[in-house]
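One letter stands for each residue in the lines below.
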There are 2 protein chains.
Amino acid sequence: MKKNIITISREYGSDGRNIGLLTAKKLDIEFYDKELIDAAAKEIGFPAETVAAKEQKLTSSILYNFAVGTIYGSAYPREPKPSELPLAEQIFLAQKKAIIERAKRGPCVIIGRCADYILRDREDVLRVFIYADYESRKRRALKEYGELEENIDKMMREIDKKRRIHYENYTSQRWGDRDNYDLLLNTALLDPQKCADIICEAVR
Amino acid sequence: MKKNIITISREYGSDGRNIGLLTAKKLDIEFYDKELIDAAAKEIGFPAETVAAKEQKLTSSILYNFAVGTIYGSAYPREPKPSELPLAEQIFLAQKKAIIERAKRGPCVIIGRCADYILRDREDVLRVFIYADYESRKRRALKEYGELEENIDKMMREIDKKRRIHYENYTSQRWGDRDNYDLLLNTALLDPQKCADIICEAVR
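A brief report on the enclosed structure follows. These numbers were taken from a predicted model, which means no experiment stands behind them. (Residues numbered from 1 in each chain as written. Chains lettered and ligands numbered in written order. Predicted model: local features only at pLDDT ≥ 70, side-chain atom pairs only at ≥ 80, totals over all residues. Heavy atoms only, no water.)

## A short note on the overall build of chain A
Item 1. From N to C terminus, chain A includes 9 helices and 5 strands.
Item 2. For chain A, the share of sequence-separated contacts (at least 6 apart) that also reach a separation of at least 24 residues comes to 72%.
Item 3. Surface accessibility of chain A: about 10300 Å² in total, with carbon and sulfur atoms responsible for 52%. (Helix = DSSP H or I, 4+ residues; strand = E, 2+ residues; numbered from the N terminus. Contact = heavy atoms within 4.5 Å. Areas by Shrake-Rupley, 256 points an atom, 1.4 Å probe, with all protein chains shown as cover.)

What follows is the structure, given as structure tokens:
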């Protein structure tokens, strides 16, 4: 079956966003990344800045899930309404809605946000994972993203951890587990345009 | 840098050999799989059948490595000659020699046999890993390889384990670890010709 939707999950510093952009450009299809933050913000009535800052901050959310699990197990009378959920949960649900709706509109590339999992029942989705070894990613973050040497290790550890926890919290799947993807590309050796060419070949 | 050599590691039932064949055909380059058994047999002076049967049988070899490690640590007077090594070790060394020599001859596809690791110092190698979930591989083994339902689970477990142990014994790397590969393809969703097309695009 022809693949119309391309989801890209990526490790920090692996250049996944750039590869997604190049792919969307080459195929002349829509590209969704930060635009999904705006869509979620509009949906739940919060400023985009608040949503961007809160997106993938999960400590309270994980505690919440744990608490609800406990409450439901005993005598909680009803499911909470969306507006009663912690903000991180509200954002996830609003982004999920935006992802499902945009995938219906037509061919597109979607970056991150568990889109591979959210769209798992569609058969026309190519699920891509972009990765590289730690040193390659660090070099790219310093050289191309302009990050500072003194912060880089701490920042990379935090972002990697945040993405992993976010994914595993909402999907019950293991982040980066190859069985969740159709195609994994190592950008330590393959350059971004080559990766985009490979993805285009995969959906041709 | 242009990739001239394509190494294909694969899980049993993922159709990796077929994908390698299709790739070699499309690129019009050499294809090495069982031919490496013959080369090794010739090198060490054993019949090809013996080499094929013994290839990747590792119990004695692992014990041997352990023993040599111990002996070398104390008072073993010299490195053993190749002909003094257990047969599995002799086969590995002969195949290693054949792989290095064939890679020097020109562009080719090499199936299995730790070729990704053996050729790790060459910069023109594309390292591919072909995989699929257990049920997809089992379906393919029953339908396309003609395996019998009553044996299949035991056989798959044994072959998967054998490949993993063989690889990890000779490479000190983890079998299937994405950092050892440039490109991973899931054949649960991508068909063999599509996989070959993707690999060809990667080396174009």
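## Points about the relation of the copies chain B and chain A
Item 1. The operation relating chain B to chain A is a screw motion whose rotation component is 180 degrees, with 0.0 Å of axial translation and a residual RMSD of 0.0 Å. In symmetry terms, the pair is related by a two-fold rotation axis. Taking C-alpha positions as reference, the residue of chain B nearest the rotation axis is B:L184, located at 2.4 Å.
Item 2. Of all interface residues in chain B, 100% are interface residues in chain A too; the two copies therefore contact each other through one and the same surface. (Least-squares fit on C-alpha atoms with pLDDT ≥ 70 in both.)

## Looking at the interface of chain B and chain A
Item 1. Facing the 25 residues of chain B at the interface are 25 residues of chain A.
Item 2. Note on chain B versus chain A: buried area summed over both sides is about 2100 Å², and carbon and sulfur give 49% of it.
Item 3. Contact with chain A buries surface across chain B, with B:R178, B:D182 and B:E201 losing the most and accounting together for 28% of the total.
Item 4. Between chain B and chain A we count 4 salt bridges in total.
Item 5. Notably, a salt bridge pairs B:K194 with A:E201, separated by 3.7 Å at the nearest N-O pair. (Buried area = accessible area lost by both parts, 1.4 Å probe. Salt bridge = Lys/Arg side-chain N within 4 Å of Asp/Glu carboxyl O.)

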